[in-house]
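Fold and contact review
Below are the chains, spelled out letter by letter.
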Protein chains: 2
Amino acid sequence: MFQQSSGCCDSLFTSPEFGFRPCLAAPKTKNAFSCSMEKHKLFTSSSSSLSVKQQPQTKRNPVLACRASRDPHVITGKDDVAVHGVADVIVGVLGGGQLGRMFCQAASRMAIKVMVLDPQENCPASELAHYHMVGSFDDSATVQEFAKRCGVLTVEIEHVDVETLEKLEQQGVDCQPKASTIRIIQDKYLQKVHFSKHDIPLPEFVQIDDLEGAKRAGDIFGYPLMIKSKRLAYDGRGNAVAKSEDELSSAVTALGGFGRGLYVEKWAPFVKELAVIVARGRDNSIVCYPVVETIHKENICHIVKAPANMSWKIRKLATDIASRAVSSLEGAGVFAVELFLTKDDQILLNEVAPRPHNSGHHTIESCYTSQYEQHLRAVVGLPLGDPSMKTPAAIMYNLLGEDEGEPGFLLAQQLIGRALRTPGATVHWYDKPEMRKQRKMGHITIVGPSLGNVEKLLESMLNEERLDGQSAVTPRVGIVMGSDSDLPVMKDAAKILNIFGVPNEVRIVSAHRTPELMYSYALSARERGIQVIIAGAGGMVAALTPLPVIGVPVRASTLDGIDSLLSIVQMPRGVPVATVAVNNATNAGLLAVRILGVCDADLVSRMSQYQEDTRDEVLTKAEKLQKDGWESYLNP
Amino acid sequence: MFQQSSGCCDSLFTSPEFGFRPCLAAPKTKNAFSCSMEKHKLFTSSSSSLSVKQQPQTKRNPVLACRASRDPHVITGKDDVAVHGVADVIVGVLGGGQLGRMFCQAASRMAIKVMVLDPQENCPASELAHYHMVGSFDDSATVQEFAKRCGVLTVEIEHVDVETLEKLEQQGVDCQPKASTIRIIQDKYLQKVHFSKHDIPLPEFVQIDDLEGAKRAGDIFGYPLMIKSKRLAYDGRGNAVAKSEDELSSAVTALGGFGRGLYVEKWAPFVKELAVIVARGRDNSIVCYPVVETIHKENICHIVKAPANMSWKIRKLATDIASRAVSSLEGAGVFAVELFLTKDDQILLNEVAPRPHNSGHHTIESCYTSQYEQHLRAVVGLPLGDPSMKTPAAIMYNLLGEDEGEPGFLLAQQLIGRALRTPGATVHWYDKPEMRKQRKMGHITIVGPSLGNVEKLLESMLNEERLDGQSAVTPRVGIVMGSDSDLPVMKDAAKILNIFGVPNEVRIVSAHRTPELMYSYALSARERGIQVIIAGAGGMVAALTPLPVIGVPVRASTLDGIDSLLSIVQMPRGVPVATVAVNNATNAGLLAVRILGVCDADLVSRMSQYQEDTRDEVLTKAEKLQKDGWESYLNP
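Residues numbered from 1 in each chain as written. Chains lettered and ligands numbered in written order. Predicted model: local features only at pLDDT ≥ 70, side-chain atom pairs only at ≥ 80, totals over all residues. Heavy atoms only, no water.

Per an unreviewed UniProt entry, chain A goes by phosphoribosylaminoimidazole carboxylase and derives from Pyrus ussuriensis x Pyrus communis. The annotation that UniProt attaches to chain A under Catalytic activity (unreviewed entry) is "5-amino-1-(5-phospho-D-ribosyl)imidazole-4-carboxylate + H(+) = 5-amino-1-(5-phospho-beta-D-ribosyl)imidazole + CO2". (UniProt positions renumbered as here; feature names shortened; annotations may be inferred.)

Structure (structure tokens):
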């Protein structure tokens with residue numbers, strides 16, 4: 001499972017607890033102390049550049065330096081020491097922003113120690129890390145110093161000094177993902193060249209070195225033309241749009257000139273932006289998270305919807321492309337693959353981040369394994385966890401600064417107050433001391449039984465509506481009938497659902513008389529949060545929605561209902577309608593409750609109780625009959 | 001929302017940052033600095049009893065001492081400073097064990113600072129707390145010192161020095177829950193007296209002061225007789241059972257003699273042990289978590305199943321009793337109410353803990369608001385969050401030490417390895433440096449679509465079975481038929497389910513020929529993880545299970561299938577069967593997929609795709625017909 005690099009030093013290691021201990025450089029070695037006395041001294045000195053956050057490292061593992069991670073699942077022999085807990089390796093992260101913070105939060109569940117390197121003293125991860133080294137991840141000497149203290153090195157920001165990483169790797173430092181990956185990613189042009197070599201579909205692109213080149217590109221790709229800087233771009237910086245040839249010059253200037261390294265992309269007329277988090281283990285195994293839809297505002301991530309509302313085919317395509325993209329890179333960890341969905345259902349790669357990502361925050365509440373836990377598992381060498389969603393839907397809202405300083409904090413405080421009152425919402429605050437407009441200060445994730453449901457909750461949260469229970473509750477069952485003459489029958493379904501506490505709506509929607517209304521009702525039901533439809537007929541509705549549809553044959557005046565029954569139940573192969581007895585809307589309601597019970601243990605319990613109560617009623621009657629006799633029973 | 005106690009001091013507060021600032025003792029005051037210079041000095045001195053863990057407290061809030069929490073939702077005026085984030089108050093916790101650790105984990109999401117007081121230097125919460133004061137929560141002076149530094153004081157262990165808490169409360173310290181509650185809880189006899197005064201059903205109990213009293217109790221209550229010590233009992237310590245009058249003496253001796261303070265309880269012949277976590281806000285609002293079943297081994301919590309597998313009526317009764325019990329206590333926070341379910345369906349209170357509890361760990365992964373986040377919301381004064389489950393089921397397994405020292409760690413490591421490979425499992429490790437037999441070292445929670453499913457996963461995890469995908473996957477749909485002559489028809493359901501990737505089983509189960517088998521199949525289906533049943537008939541099955549049942553009328557040889565159809569669809573009110581067209585097992589399979597889609601956005605997406613593909617097939621045929629003409633179409 002692990003590739004153990006050869007040792008960087010053969011010196012003996014001294015520590016107060018262990019005395020002299022040789023450098024054990026064999027593969028899969030459990031205890032690999034490899035620091036010379038000098039390095040050891042450096043570590044324990046109270047140098048001003050080290051803000052020692054905790055008591056000195058635990059006695060068991062004074063320093064794990066310059067060694068690949070130990071395999072925590074190798075059953076040790078008698079003489080060896082077992083891993084205490086999940087893993088003993090110390091994970092080092094370059095960068096201590098909110099991604100590092102959430103990574104530390106995930107690691108703390110499994111009590112895996114994480115150290116961060118970040119120049120900001122009170123960076124978001126500082127308080128949560130086992131150890132925060134204050135220093136720049138762009139400074140070679142500092143990064144080398146940092147790397148000595150951890151068993152595996154990873155990043156939460158890709159804009160690190162990659163030459164240093166490459167040097168460290170040659171010395172045996174375990175970087176995940178590999179420095180080669182960081183190098184490719186850092187330069188967005190190189191990134192595209194790389195992926196295009198690996199047959200990943202991308203918008204067309206070309207390097208531009210001067211204005212003539214830019215104009216030629218404009219002629220070929222057309223306008224608007226997307227101009228990008230190759231390096232150091234995030235959250236929209238490093239992009240400029242030229243709407244015509246006249247705007248080329250100013251766009252280039254806005255990006256700092258050709259000297260910065262620029263390229264252009266053909267405008268991708270996308271209808272949606274998507275993202276797929278892909279995790280890759282040390283053994284090269286790959287797991288993919290559900291495709292999500294990302295909505296940006298002024299180039300910054302604004303809202304994320306999970307799973308993305310699109311056809312299975314397109315989701316599969318997006319997942320495949322993301323998986324292939326990540327497979328072409330080296331090293332373990334999670335990767336965020338951002339994609340465009342074009343007007344003609346094409347998926348094009350936008351870019352890849354070699355780390356957890358804003359589009360994956362929702363996974364903390366919505367998936368079996370959060371992207372942070374997954375990244376930890378991947379780099380440490382633990383088996384990858386299940387990336388599926390454990391709640392049907394999730395929506396994440398970025399808490400961006402809406403103003404500077406105190407006014408910004410006040411606005412955030414008010415929104416947080418609303419979030420705390422929103423059912424299913426979790427508030428994340430990154431504890432950044434400085435409030436700036438558009439700064440990522442935190443995020444709010446709402447999970448729930450359907451995308452329609454969580455979208456509605458988010459909407460309520462963001463607007464000044466009253467957040468009372470009723471207004472936020474979307475109907476889960478839609479009861480529709482072709483005519484009000486069916487209402488005396490169909491009302492029984494609503495009655496039952498009310499008894500079971502299931503929010504429902506009752507509508508007149510006729511396939512024959514109001515076809516467009518029926519069409520739009522059926523097509524929009526799922527988005528609105530409807531989970532089951534009960535229909536006076538049902539066939540047309542069932543054809544237009546993937547939701548379960550229950551059909552209630554209603555006895556018309558002329559025939560005995562058999563006509564209605566047959567027309568509903570005898571649906572052709574491919575379009576099922578769950579048909580109940582003639583006029584038995586009560587059973588339709590009960591069936592709807594049973595169906596919702598698939599996701600709601602509370603309803604299953606209530607259904608069991610209902611069955612028990614029904615049984616008790618019958619038993620009571622049976623006893624009475626037995627006691628009173630049939631004559632008295634019939635003539636009380 | 002808050003009760004602001006009157007100030008404990010009127011002195012001016014000096015700090016390097018703020019200069020002199022008066023003690024602002026008005027209700028709902030935003031900034032209430034109330035420490036005298038002397039107290040302030042004590043805090044910042046590098047006293048040896050204070051292991052200052054972090055940089056000094058943030059500049060904004062040097063000390064919030066002896067003040068009730070500020071209401072973070074009061075919109076401040078121009079001069080006042082907004083709350084930065086969720087809440088500025090520092091929460092102090094007496095005790096730093098795993099409960100404190102998980103409390104800190106919850107607090108870190110919202111960036112709320114938590115300090116802990118614990119005598120153990122490397123207690124589980126130490127690394128995660130904002131500040132860990134090393135000291136005994138049983139020592140009056142230490143607790144007082146600690147209380148000065150936090151805005152609200154709470155506990156993670158009820159065995160604290162309650163006299164000190166009462167004194168602190170009188171001085172204006174904000175204790176949640178109130179000291180009066182801790183006093184009642186600490187003494188299990190007083191606890192029972194209190195609850196019995198509030199009409200909470202309990203096993204009968206009586207104090208015993210000498211052997212004669214014990215014998216009298218034995219005569220009245222019968223044997224076995226449960227003898228308990230009034231105070232300082234947890235994880236089974238403080239209980240002794242006398243199986244007969246002869247054993248009374250030795251049981252009393254085992255508990256330390258009558259001088260310790262003993263009482264006896266009538267033996268409660270329980271069939272299940274239950275627990276309900278109840279949260280109470282500062283405004284006295286109450287929310288209850290789902291009832292869970294707790295399984296103990298040697299008096300220590302072993303496994304917790306959520307939600308408890310029992311009728312709605314009993315769950316409601318348990319919840320009501322728990323709610324009433326907590327309502328009778330004072331103060332905010334979460335409370336764990338442990339209950340017995342007796343043979344005759346009675347619910348009796350066992351005991352209450354005024355804090356988060358082992359029975360509530362599962363809530364971290366399974367509920368919208370974990371018990372820890374809820375406790376935080378409650379004591380700080382934030383609105384209580386939604387306590388419902390967001391996954392249908394959860395099971396928690398306590399990681400208890402199975403041996404001392406290294407051998408114990410090795411066994412734990414092996415189990416953790418299996419847990420990391422179990423889908424839907426999350427590993428929690430409390431980072432206790434010392435391994436002891438039966439010690440709570442961590443826990444594992446598995447969440448999933450049904451209790452049957454998670455129980456099976458836990459079973460696989462604990463046994464030496466291979467953890468491959470297949471063996472752990474329980475069938476979600478059961479396809480049953482009365483005779484193998486139905487198989488050629490019913491197989492279509494299995495085919496469709498296989499296409500959609502839904503694990504299913506096919507069985508011969510006849511209501512008429514093998515009634516007991518049908519009975520046991522229907523009754524056990526849900527526990528086994530089946531979520532939908534497709535039956536060749538269906539009525540009997542639907543009567544015996546709360547699951548949705550789909551009926552497929554199979555055409556018998558003599559009639560045309562209408563007989564079968566009517567006998568299935570025309571179910572009496574109360575027992576719904578979702579009937580599909582005659583012989584149309586394909587539609588039954590599709591309906592089952594739609595039903596499972598209620599909890600599985602992936603399946604809904606696949607269903608939509610299926611509908612689209614079907615439509616495309618038809619469109620292709622339509623085009624062909626249009627192109628070729630009907631004659632050529634019929635004679636190709």
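Next comes the rest of the write-up.
**Considering the overall build of chain A**
Summing up its helical and strand segments, chain A has 21 helices and 25 strands in all. Each of the 636 residues in chain A was classed as buried or not, and the buried ones make up 61%. Taking all contacts inside chain A whose residues are at least 6 apart in sequence as the whole, residues at least 24 apart take part in 63%. Working note: accessible area of chain A is about 24800 Å², and carbon and sulfur atoms make up 52% of it. (Helix = DSSP H or I, 4+ residues; strand = E, 2+ residues; numbered from the N terminus. Buried < 20%, exposed > 50% of the residue type's maximum accessible area, 1.4 Å probe, protein only. Contact = heavy atoms within 4.5 Å. Areas by Shrake-Rupley, 256 points an atom, 1.4 Å probe, with all protein chains shown as cover.)

**With respect to the packing of aromatic side chains**
Inspection of every chain in the model, using the stated rule, returns 10 aromatic pairs over all chains. Consider the rings of Tyr-189 of chain B and Tyr-263 of chain B, whose centres lie 5.8 Å apart with planes at 50 degrees: the pair is tilted. With Tyr-189 of chain B in helix α6 (residues 188–197) and Tyr-263 of chain B in strand β10 (residues 262–266), the pair connects residues that are 74 residues apart, well separated along the chain. Here the two residues Tyr-189 of chain B and Tyr-263 of chain B agree in accessibility, since each one is buried. Note on Phe-409 of chain B and Trp-429 of chain B: the rings are 6.4 Å apart at their centroids and 55 degrees apart in plane angle, and the pair reads as tilted. With Phe-409 of chain B in helix α12 (residues 405–420) and Trp-429 of chain B in strand β18 (residues 425–429), this residue pair connects regions lying 20 residues apart in the sequence. The same class applies to Phe-409 of chain B as to Trp-429 of chain B, namely buried. Three or more aromatic residues joined by ring pairs make a cluster, and in this case those are Tyr-189, Phe-205 and Tyr-263 of chain A. (Phe/Tyr/Trp six-rings, centres within 6.5 Å; stacked < 30°, edge-to-face > 60°.)

**Some details on the relation of the copies chain B and chain A**
Mapping chain B onto chain A calls for a rotation angle of 180 degrees and an axial translation of 0.0 Å; the resulting RMSD is 0.1 Å. On this basis, the relationship between the two copies can be described by a two-fold rotation axis. Looking at chain B, 100% of its interface residues are interface residues in chain A too, so the copies touch through the same face. (Least-squares fit on C-alpha atoms with pLDDT ≥ 70 in both.)

**Observations concerning the sheet that holds strand β6 (residues 152–155) of chain B**
Strand pairs in the sheet, formed through backbone hydrogen bonds, run parallel or antiparallel to each other. All names here are of chain B. Strand order in the open sheet formed by 4 strands is β5-β4-β3-β6, with parallel pairing between adjacent strands. In this open sheet, the two strands that pair with only one neighbour each are β5 (131–134) and β6. Sheet twist, expressed as the mean angle between neighbouring strand axes with direction ignored, is 25 degrees. Pairing of strand β3 (residues 91–94) with β6, which is carried by 4 bridges, proceeds in the parallel orientation. Opposite Gly-92, over in β6, you have Leu-153 as the bridge partner. Here helix α2 (residues 98–109) sits on the sheet and contacts β3 and β4 (114–118); the angle it forms with β4, its principal contact strand, is near 170 degrees. (Pairing = 2+ DSSP bridges. Axes fitted to C-alpha atoms, helices over the stretch in contact; angles between N-to-C directions.)

**What about the pairing of strand β10 (residues 239–242) of chain A?**
Residue and element names in this part refer to chain A. Here β10 shows one buried face, formed by Ala-240 and Ala-242, and one open face, formed by Asn-239 and Val-241. Where strand β9 (residues 225–229) lies against β10, 4 bridges are found, and the strand directions are antiparallel. Counterpart to Met-226 in the pairing with β10 is Val-241.

**Here's the deal with helix α7 (residues 211–221) of chain A**
Given 3.6 residues to a turn, an α-helix orients residues that are three or four positions apart in the same direction. Residue and element names in this part refer to chain A. Listed as buried for α7 are Gly-213, Ala-214, Ala-217, Gly-218 and Phe-221. Along the axis of α7, the buried residues cluster in a sector spanning 140 degrees; they form a single face. Facing away from the buried side of α7 by over 90 degrees, the exposed positions are Arg-216, Asp-219 and Ile-220. Those residues of α7 that are buried are in contact with β8 (205–208), β9, α8 (248–254) and β11 (262–266). Following α7 by one or two positions, Gly-222 adopts a phi angle in the positive range, close to 85 degrees. (Arc of directions from axis to C-beta.)

**A closer look at the pattern of salt bridges**
A complete count under the given rule lists 48 salt bridges over all chains for this structure. Lys-272 of chain A is the salt-bridge partner of Glu-293 of chain A, the closest N and O atoms lying 3.6 Å from each other. Taken together, the positions of Glu-293 of chain A in strand β14 (residues 292–297) and Lys-272 of chain A in strand β12 (residues 270–280) put the pair 21 residues apart, joining distant regions of the chain. On the basis of relative accessible area, Glu-293 of chain A is assigned to the buried category, the value being 11%. A salt bridge links Lys-148 of chain B to Glu-145 of chain B; the nearest nitrogen and oxygen atoms lie 3.3 Å apart. For the pair Lys-148 of chain B and Glu-145 of chain B, one class covers both residues: buried. Residues joined by salt bridges that share partners form a network here, namely Glu-145, Lys-148 and Arg-149 of chain A. (Salt bridge = Lys/Arg side-chain N within 4 Å of Asp/Glu carboxyl O.)

**Here we look at the side chain of Asn-583 of chain B**
Within the fold, Asn-583 of chain B resides in the loop between β24 (578–579) and α19 (585–596). In contact with Asn-583 of chain B, other than residues within four places in its own chain, are Arg-573 of chain A together with Val-489, Val-552, Pro-553, Val-554 and Arg-555 of chain B.

**So, the interface of chain B and chain A**
Between chain B and chain A, the contact holds 115 residues from the first and 115 residues from the second. Summed over both partners, the interface of chain B with chain A comes to about 9900 Å²; 53% of that surface belongs to carbon and sulfur atoms. On the chain B side of the interface with chain A, the three residues burying the most area are Arg-109, Trp-312 and Arg-594 of chain B, jointly 9% of the side's total. Applying the counting rule to chain B against chain A returns 5 salt bridges. The salt bridge involving Asp-613 of chain A is made with Lys-313 of chain B; its shortest N-O contact spans 3.1 Å. Here the residues of the side of chain B that touches chain A are counted per class, giving 60 nonpolar, 32 polar and 23 charged. (Buried area = accessible area lost by both parts, 1.4 Å probe. Nonpolar A, V, L, I, M, F, W, Y, C, P; charged D, E, K, R; others polar.)

**Re helix α11 (residues 371–380) of chain B**
Residues and elements named next belong to chain B. Buried residues dominate α11, accounting for 10 of its 10 residues. Buried residues of α11: Gln-371, Tyr-372, Glu-373, Gln-374, His-375, Leu-376, Arg-377, Ala-378, Val-379 and Val-380, and no others. Just past α11, the residue Gly-381 takes up positive phi, approximately 100 degrees.

**Observations concerning the packing of helix α12 (residues 405–420) of chain A against helix α13 (residues 451–462) of chain A**
Residue and element names in this part refer to chain A. Close contact between α12 and α13 brings their axes to 9 Å; oriented N to C, the two are set at 140 degrees. In terms of orientation, α12 and α13 fall into the oblique class. Viewed along their axes, α12 and α13 form a crossing whose handedness is right-handed. Of α13, the residues touching α12 (which contributes Leu-415, Arg-418 and Ala-419) are Ser-460, Met-461 and Leu-462. For the contact of α12 with α13, a count of residues per class yields 4 nonpolar, 1 polar and 1 charged. (Parallel < 35°, antiparallel > 145°, perpendicular 65-115°, else oblique. Left-handed = near helix turned anticlockwise from the far one by under 90°.)

**Comments concerning the nonpolar core**
Core analysis: the largest hydrophobic core is formed by 60 residues, its most contacted members being Ile-534 and Ile-550 of chain A together with Ile-534 and Ile-550 of chain B. The residues touching Ile-550 of chain A, leaving out its near neighbours within four places in the chain, are Val-532, Ile-533, Ile-534, Ala-535, Val-577, Ala-578, Val-580, Ala-588, Leu-591, Ala-592 and Ile-595 of chain A. (Core = buried A, V, L, I, M, F, W, Y, C linked by side-chain atoms within 4.5 Å.)

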